[in-house]
Amino acid sequence: MYNQGNQTISSKELAYISDSLKNEELLTKLCVQGAVESQSPSLKMTLIHLSQERLQNISLLVNTLQQQSGITH
């Protein structure tokens, strides 16, 4: 168990966050690749938007992991 203030996160929850981070990274790569290869401007914009959302999720997950492990940057 990891403590952050009054919150406790289990090892299972941290593993879930780690898995989610890996999934978001893969989705980001796929969206970027699709945007680069797309011939459709509207599809390209949609994929760029989705990749930006994935990057925001990655940032949130990394920050959560850092807080739980006591790492600060």
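Residues numbered from 1 in each chain as written. Predicted model: local features only at pLDDT ≥ 70, side-chain atom pairs only at ≥ 80, totals over all residues. Heavy atoms only, no water.

**Q** Quick question: what am I supposed to make of the pattern of salt bridges here?
**A** A side chain of one charge can pair with a side chain of the opposite charge if their charged atoms are brought near each other. With the rule as written, the count across this model stands at two salt bridges. With its nearest N and O atoms 2.5 Å apart, the salt bridge here joins Glu24 to Arg54. Pair noted here: Glu24 is in helix 1 (residues 11-37) and Arg54 is in helix 2 (residues 41-69), with a separation of 30 residues, a long-range link. Overall, Glu24 belongs to the buried group, its relative accessible area being 14%. Residues Arg54 and Glu53 are paired through a salt bridge, measuring 3.9 Å at the closest nitrogen-oxygen approach. Assessed through its relative accessible area of 16%, Arg54 is described here as buried. Through salt bridges with shared partners, a single network forms among Glu24, Glu53 and Arg54. (Salt bridge = Lys/Arg side-chain N within 4 Å of Asp/Glu carboxyl O. Helix = DSSP H or I, 4+ residues; strand = E, 2+ residues; numbered from the N terminus. Buried < 20%, exposed > 50% of the residue type's maximum accessible area, 1.4 Å probe, protein only.)

**Q** Can you help me understand the packing of helix 1 against helix 2 in this one?
**A** Helix-helix packing is described using two parameters, namely the angle between the two axes and the distance between the axes. Two elements in contact, helix 1 and helix 2, have axes whose closest approach is 8 Å; the angle formed by their N-to-C orientations is 155 degrees. By the criterion of interaxial angle, the relationship of helix 1 to helix 2 is roughly antiparallel. As helix 1 runs across helix 2, the sense of the crossing is left-handed. (Axes fitted to C-alpha atoms, helices over the stretch in contact; angles between N-to-C directions. Parallel < 35°, antiparallel > 145°, perpendicular 65-115°, else oblique. Left-handed = near helix turned anticlockwise from the far one by under 90°.)

**Q** Looking at this structure, I do not really get the environment of Cys31. What am I missing?
**A** With respect to the helices, strands and loops of the structure, Cys31 is situated in helix 1. Residues Cys31 and Gln52 lie 21 residues apart in sequence; the distance between their C-alpha atoms is 9.2 Å. Setting aside its immediate chain neighbours within four residues, Cys31 contacts Leu47, Leu50 and Ser51. (Contact = heavy atoms within 4.5 Å.)

**Q** Is there a simple way to think about the nonpolar core in this case?
**A** Considering soluble globular proteins, one finds that nonpolar side chains tend to be buried as a cluster. Counting residues in hydrophobic clusters, the biggest one holds six residues: Ile9, Leu14, Ile17, Leu21, Ile58 and Leu61. Only helix 1 and helix 2 provide two or more residues apiece to this core. (Core = buried A, V, L, I, M, F, W, Y, C linked by side-chain atoms within 4.5 Å.)

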